[in-house]
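Summary of structural features
Below, each chain spelled out in residue letters.
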Amino acid sequence: MKVMQNDLKRQHDIYGEEYNRKAVEVLNSGWYILGNEVKEFEKEFAEYTESKYCVGVASGLDALQIAFRVLGVGKGDEVIVCSNSYIACVMGITMNDGTPVFVEPDEYDNLDADKIEEKITDKTKAILAVHLYGQSCDMDKIMEVAKKHGLKVVEDCAQSHGTTWKGRKNGSIGDIGCWSFYPTKNLGAFGDGGALTTNNEAYAEEFRVIRNYGAKKTHYDNEIVGMNSRLDELQAGMLRVKLSHLNDLNKERQEIARRYDEGIKNPLIRPLQTRPGSNAVYHQYVIHCEKRDELMNFLKENDIGTIIHYPIPPHLQQAYRGLGLKEGDLPIAERYAKEVLSLPIFNGMTIEEQEYVIEKLNSFKG
Ligand SMILES: *Cc1c(COP(=O)(O)O)cnc(C)c1O
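One structure accompanies this document, and this report is about it. These figures come from a predicted structure and were not determined experimentally. (Residues numbered from 1 in each chain as written. Predicted model: local features only at pLDDT ≥ 70, side-chain atom pairs only at ≥ 80, totals over all residues. Heavy atoms only, no water.)

A word on the packing of aromatic side chains. Going through the model one piece at a time under the given rule, you end up with 10 aromatic pairs. Relative to Tyr285, the ring of Tyr260 has its centre 4.9 Å away and its plane inclined at 40 degrees; by these criteria the two rings are tilted. Of the two residues, Tyr260 sits in helix H9 (residues 246-263) while Tyr285 sits in strand E10 (residues 285-288), which places them 25 residues apart along the sequence. Judged on exposure class, the residue Tyr260 and its partner Tyr285 are both buried. When the centroid spacing of 5.6 Å and the interplanar angle of 50 degrees are considered together, the rings of Phe298 and Phe364 count as tilted. Of this pair, Phe298 sits in helix H10 (residues 292-301) while Phe364 sits in the segment after helix H12 (351-363); the two residues are 66 residues apart in sequence, bridging distant segments of the chain. By relative accessible area, Phe298 is classed as partly exposed at 21%. Its relative accessible area of 5% is what places Phe364 among the buried residues. Put simply, the rings of Phe41, Phe45, Tyr48, Trp179 and Phe181 pair up and form one aromatic cluster. The side chain of Lys169 reaches across the aromatic face of Tyr48, ending 4.0 Å from its centre. (Phe/Tyr/Trp six-rings, centres within 6.5 Å; stacked < 30°, edge-to-face > 60°. Helix = DSSP H or I, 4+ residues; strand = E, 2+ residues; numbered from the N terminus. Buried < 20%, exposed > 50% of the residue type's maximum accessible area, 1.4 Å probe, protein only. Lys NZ or Arg CZ within 6 Å of the ring centre and 35° of its normal.)

In structure tokens form, the structure reads like this:
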């Protein structure tokens, strides 16, 4: 049996007819940028995330870049970010000339909130809480530290569409929520897309101005140097269809995760830990294994696809050698990069496929 790590075609087919119908409708509308689909999606997604405002942009990275810009992060300002995250989180900070200050992850593979305070200096401006793999960071502790030190909080929700922290939707707990709709995400488009959510009206207005060339009143009245970062009508239409099914799609992922939790019985493999208080939506199901590379090869020999999220932590990337960090500086992130493995998980995955994966995982001898 062959099992892919992710099969977007399978996911598409679940509501394929609905997407196809909507796509034709948008194509025939004659309106492709900043129209009714984007407006309606923003309304629906604000409601879904329990936020007052949602502004669609072109990608998750753009959302992060815009968020830190609006919060006033600039040269010399420091932003706390977890050390084992995706590179986009760091780029969103450095594109504004801000400096990332890395905090190591906890046993849930997310920012260890107990280690934030020791990294705060008089230059610290914000905390980026990345809800990695689809489960919430400890938002109680993060908000408490932020309040105590007068810091802003950005939530990176690119992997956590629909997660909650103690019953509250992520993306509306901090000052700004940043979202990606890259096709593999739980709420994925059919191309690039992103959004920002906030309860702050002034921020929302700034997001709208920045995404559209800094134009405020009319398209040709540019008050600031903005960007071209617009969610397009076609993607917004697709996202509206998928959003209407997102709770079911997340439930399916949660069931797959539960079967992994129950089925994986191999002392060499540590299944994903879920933080109490977070309802994980399992963007990825990540295991830890000291013999990760051997396990990955073994699964590959058995036609099972896996991915490493992420093989090189940001501070060791060539792009960030300018930060002056070296191997050994962030040992937990470095160890995780050698241990983590994302198992197959996607909407439309069959029980037979999953039983096959579990059987192979349990037969791995190292
Ligand atoms: C995917 C992702 C991003 C970036 O989103 P893009 O739409 O690809 O720019 C940012 N942060 C995290 C955690 C992600 O997983």
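Take empty space enclosed by the protein next. Per the counting criterion, the structure on display carries 3 cavities of 30 Å³ or more. If you trace the largest cavity, you find it lined by Asn84, Ser85, Tyr133, His309, Tyr310, Ile312, Pro313, Pro314, Ala333, Tyr336, Ala337 and Val340. Ranked by the residues each element gives to the lining of the largest cavity, the list is headed by helix H11 (residues 331-339), at 3 residues. When residues of the lining of the largest cavity are sorted by domain, at least three fall in each of domain 1 (8-243) and domain 2 (247-363). (1 Å grid on protein atoms, 1.4 Å probe; cavity = no way out; pocket = protein on both sides within 12 Å on 5 of 7 lines; lining within 4 Å. Points joined across faces, edges and corners; volume = space filled by probe spheres on them. Domains from an automatic or database assignment.)

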